[in-house]
Amino acid sequence: MAAIPTKAKKRWAELVDALQEARIRYYIDDSPTISDEEYDELYRELVQLESDYVELVTGDSPTQSVGGTRSEMFDPVEHLQRMMSLDNVFSDEELEAWIARVERDLGEFTPMLCELKVDGLAVDLVYRRGRLVSLATRGDGRTGEDVTGNVRFIPAIPTVLKASKGGPAVPDLLEVRGEVYFPVAQFHELNRQMQESGKPAFANPRNAAAGSLRQRVDKREQEFTVAAEQVMAAEAMDKSVDRAVGKRDRLQFEFERATARLERLQLVVHGVGAVEGYPVTSQSGAYDALASWGLPVSDLALVAKSSDEVFAFIKKYGEERHSVDHEIDGVVIKVDDIATQDRMGATARAPRWAIAYKYPPEVVTTKLIDIRVNVGRTGRVTPFGVMEPVRVSGTTVEMATLHNASEVKRKGVLIGDTVFLRKAGEIIPEILGPVTELRDGTEREFEMPANCPSCGTPLRPEKEGDVDLRCVNHRGCPAQQLQRLIHIGSRGGLDIEHLGEKSAAALVDEGVIAGARELFEITDGDLLKTQYFTRESKAGSGKRVLGENAKALLEQLEVARNRPLWRVLVAFSIRHVGPTAARALASEFGGVDQIKEASIERLNEVEGVGGVIAEAVHEWFNDPLNWELVQQWRESGVSLEDETTEPTEPQTLTGQTFVITGTLTGMTRDEVAAMLTARGAKVTSSVSKNTNYLVMGDNPGSKYDKAVKLGVPVLDLQTLKAMLKADS
């Protein structure tokens, strides 16, 4: 490591942090903050950096792990066989090189199955004796989230498999992989409904599918059932039932809306995991068998007998990508023969016998009518383009971010230009540059305002050399206050249903609150003074009463008071602090008072918190205005520390650090981690000189190699249990 330049080490850490944060936003929050293309660019840069400096590679690098994780909202499910990611290529030349490597290794071209890369949520289904026993998300590839309870509301997923006449018998055990997706037409209708109800629209059909499947519908059903029973109990005792009926009706509506989203989901199966009772000899043959048992497979797949057929398939659907009912972002090419797949093997994260060809973003032209600016929750002032509406990648686009004034100059765009536009990663509209040949002299340059358009405060960079301008009136700027409120209510913040863009704007515009400080002090009386949160009484007296949206908001605020500390930290809108850093801080310190007292050096020691984040956290908590917000939330009953309980196990491992790797027999890695932390140990994800023990299962990967190199003692599970028993 000594030979690696400091600049390379720093950039490696930055790339790993950025990619891990993007994965959480994409897989857990279902709310991506960067486009697929930006992610791919960062990933390729990391691959190149690790190729130049092999010593940087660790088992926790995004290049060595499947791009996902699981939330704590669902029970864990261990996949029978590991679910892997796919390596990507982005051009014909890169695909030609991959095919050439396969031919060189095998001695000839081998038939390859080509299929569309469905932009959905990867799932794992397990059938035993023809009956579905589990449906799980991919998670980290080994352990996913158990969403089996939602299957009864998804007609597209068969719960029983049956053999067709003359076809193969249904095997005793069948594990299949597929994509749950939202049809494009249904996606647009869903977003319309989301916006009408004041909730943020989904970025794309993939996030709609993930957000729909990863709902706790059973919990909603239980809440509705309890509310219905309360109504019946009140009626039996001849008590007033108006409030109970209102709550029941609202919960019934939310339950029905959740199940309606599930009913729209579709499934396409594209892989086989563990099988008992059926010999899988080819990918295409497996698809035929799956279809005969009643599983939905794509009818657009092709077994190519030559590389020309592979490229013809890619070209065809590159031109017809919007003709299918689901979003696609490329084509997957797989060696068809299973025995050949087995011989070729896999890397730490992806099979060597398959590749994903990613289509370039679709580019169109449109008129740039104006460039305006908006103010974000941290005060950053961002220019955005207002354009003549244009259809791109299946949706109509009217606005696109331009990031900052320097970016406007770099792109060379003028107001009035015809511009090239694309959806980066098929998600985020991006202006590429002007069509200079079409200029007629009426175009004009954009001038960045000197003052905040919301409050009039002079704009300035936060630090010397920053390209972004910010409004420093963090307390008094209405735009910042509004954006913070929206962020607090978002799925990535405190996840407060009914605190979306419209409701947050109503709270501020109608004078209920000035901003986030007063959010948890809202009362029935405050909302009765508004139009947005009230309705006319059914008695026809002209009197206004609380609407269902008001009652729901008050109930959700009560729930949000007890969110875990990491969510509160994210809700504070501290610069650079996303879920990853927030979880690390919450786990290390346990409460806001301890975080406030920590020095920058102490914060920087926390795994997952670097120097930039440490400085931002220290600065935020030591700003008197921010601490006033903390104190006001505390007085309003918001939990600002995670609950701690007296340990039930002897704390024999206090001060010791463990790392767990490989596939363990009889226990999951999460269970082993819980067993260790119950004894006072710290469990981290990467081996370092500070690691006391490595707990190893089968297929340990690079963590074992690093432990041996550093002289870290290695334990198998049996030895670990014996050690703990001896310490009891």
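Since the structure is predicted, the reported quantities are computational estimates derived from the model, not experimental observations. (Residues numbered from 1 in each chain as written. Predicted model: local features only at pLDDT ≥ 70, side-chain atom pairs only at ≥ 80, totals over all residues. Heavy atoms only, no water.)

1. Quick look at the overall build of the protein chain
- Of the regular secondary structure elements, the protein chain holds 24 helices and 24 strands.
- A globule of 728 residues ought to have a C-alpha radius of gyration of about 27 Å, and the protein chain, at 28 Å, matches this closely.
- Seen through its C-alpha atoms, the protein chain measures out along the principal axes to roughly 80 × 80 × 65 Å.
- Considering the protein chain as a whole, with its 728 residues, one finds that 49% of them fall into the buried category.
- For the protein chain, long-range pairs separated by at least 24 residues make up 67% of all intrachain contacts whose partners lie at least 6 apart in sequence.
- With the model as given, the accessible surface of the protein chain reaches about 34,600 Å², and the carbon-plus-sulfur share is 49%.
- Counting 88 positive and 113 negative side-chain charges, the protein chain places the centres of these two groups 2 Å from one another. (Helix = DSSP H or I, 4+ residues; strand = E, 2+ residues; numbered from the N terminus. Rg over C-alpha atoms; globule rule 2.2 N^0.38 Å. Buried < 20%, exposed > 50% of the residue type's maximum accessible area, 1.4 Å probe, protein only. Contact = heavy atoms within 4.5 Å. Areas by Shrake-Rupley, 256 points an atom, 1.4 Å probe, with all protein chains shown as cover. Lys, Arg positive; Asp, Glu negative; His and termini not counted. Charge placed at Lys NZ, Arg CZ, Asp CG, Glu CD.)

2. Observations concerning the packing of aromatic side chains
- Scanning the model with the defined rule gives twelve aromatic pairs in all.
- Arranged with centres 4.8 Å apart and planes meeting at 25°, the rings of F572 and W620 form a pair that is stacked. Here F572 is found in the loop between α16 (565-571) and α17 (579-589), whereas its partner W620 is found in helix α20 (residues 611-621), with 48 residues between them in sequence. Here F572 and W620 have matching classes, each one buried.
- Stacked on the ring of Y317, the Lys or Arg K316 has its end atom at 5.3 Å from the ring centre.
- Taking NZ or CZ as reference, K596 lies 5.1 Å from the ring centre of W627, over its face. (Phe/Tyr/Trp six-rings, centres within 6.5 Å; stacked < 30°, edge-to-face > 60°. Lys NZ or Arg CZ within 6 Å of the ring centre and 35° of its normal.)

3. Some details on the sheet that holds strand β8 (residues 266-276)
- The strand order across the open sheet built from four strands is β5-β4-β7-β8, with neighbouring strands paired in antiparallel fashion. Either end of the sheet is taken by a strand with one partner, and the two such strands are β5 (131-137) and β8. Averaged over all adjacent pairs, the angle separating strand axes in this sheet is 25°, with direction ignored.
- Pairing analysis gives eight bridges linking strand β4 (residues 121-128) to strand β7 (residues 173-181), with the strands arranged antiparallel. Residue pairing for β7: D124 is matched across the bridge by R177. (Pairing = 2+ DSSP bridges. Axes fitted to C-alpha atoms, helices over the stretch in contact; angles between N-to-C directions.)

4. Thoughts on a nonpolar patch on the surface
- Residues V363, F420 and L432 make up a contiguous nonpolar surface patch of about 220 Å² in total accessible area.
- Positionally, F420 belongs in strand β15 (residues 418-424). (Patch = residues over 30% accessible without salt bridge, like charges linked within 9 Å, V, L, I, M, F, W, Y side chains within 5 Å. Salt bridge = Lys/Arg side-chain N within 4 Å of Asp/Glu carboxyl O.)

5. Structural notes on the packing of helix α12 (residues 478-489) against helix α13 (residues 501-509)
- One can describe the packing of α12 onto α13 by two numbers: an axis separation of 9 Å at closest approach and a directional angle of 135°. The angle between α12 and α13 places the two elements in the oblique class. The way α12 lies across α13 gives a crossing that is right-handed. For the pair α12 and α13, the contacting residues are L482, L485 and I486 in the first and E501, A504, A505 and V508 in the second. (Parallel < 35°, antiparallel > 145°, perpendicular 65-115°, else oblique. Left-handed = near helix turned anticlockwise from the far one by under 90°.)

6. Overview of the nonpolar core
- Counting residues in hydrophobic clusters, the biggest one holds 56 residues, and the most contacted among them are L507, L519, L569, F572, F621 and W633.
- Each residue touching L519, except ones within four places of it in the same chain, is listed here: L485, I488, I496, L499, L507, I513 and L557.
- By size, the runner-up hydrophobic cluster in this structure holds 39 residues, among which are I154, V176, V180 and F182. (Core = buried A, V, L, I, M, F, W, Y, C linked by side-chain atoms within 4.5 Å.)

7. With respect to the environment of L302
- On the secondary structure map, L302 appears in strand β9 (residues 302-304).
- Judged by its relative accessible area of 34%, L302 is partly exposed.
- Residues contacting L302, with those up to four places away along its chain left out, are M112, L113, C114, E309 and F313.

8. Section: the pairing of strand β23 (residues 693-696)
- Examined bridge by bridge, strand β21 (residues 657-661) and β23 share four bridges and lie parallel to one another. Bridge assignment links I660 to a residue of β23, and that residue is V695.
- When β23 meets strand β24 (residues 714-715), the two strands line up parallel, connected through two bridges. The residue bridging V695 from the neighbouring strand is L715, located in β24.

9. A few points about the pattern of salt bridges
- Applying the stated criterion across every chain yields a total of 24 salt bridges.
- The partner of R177 in a salt bridge is D124, with the nearest N and O atoms 2.6 Å apart. Pair noted here: R177 is in strand β7 and D124 is in strand β4, with a separation of 53 residues, a long-range link.
- For R177, a relative accessible area of 10% translates into the label buried.
- Residues E175 and R177 are paired through a salt bridge, measuring 3.3 Å at the closest nitrogen-oxygen approach.
- A relative accessible area of 0% means that E175 is categorised as buried.
- In this structure, a network of salt bridges that share partners links the residues E407, R410, K411, R422 and E430.

10. Observations concerning helix α15 (residues 548-560)
- Over its 13 residues, α15 extends 18 Å from the first C-alpha to the last, a length consistent with the 18 Å expected when each residue adds 1.5 Å.
- Among all positions in α15, only A550, K551, A552, L553, L554, Q556, L557 and A560 are buried.
- In the core, the buried residues of α15 are packed alongside α7 (242-264), α13, α14 (524-528) and β20 (544-546). (Expected span 1.5 Å × (residues − 1).)

11. Focus: the side chain of Q283
- Within the secondary structure layout, Q283 lies in helix α8 (residues 283-292).
- Look at Q283 and you get buried, because its relative accessible area is 6%.
- Looking at Q283, its side chain comes within polar contact range of the side chain of Q341, at 3.0 Å.
- If near-sequence neighbours (up to four positions away) are discounted, Q283 is found in contact with L113, H270, G271, K334, D336, I338, Q341 and W353. (Polar contact = N/O pair within 3.5 Å; in protein donor to acceptor, adjacent residues only side chain to side chain.)

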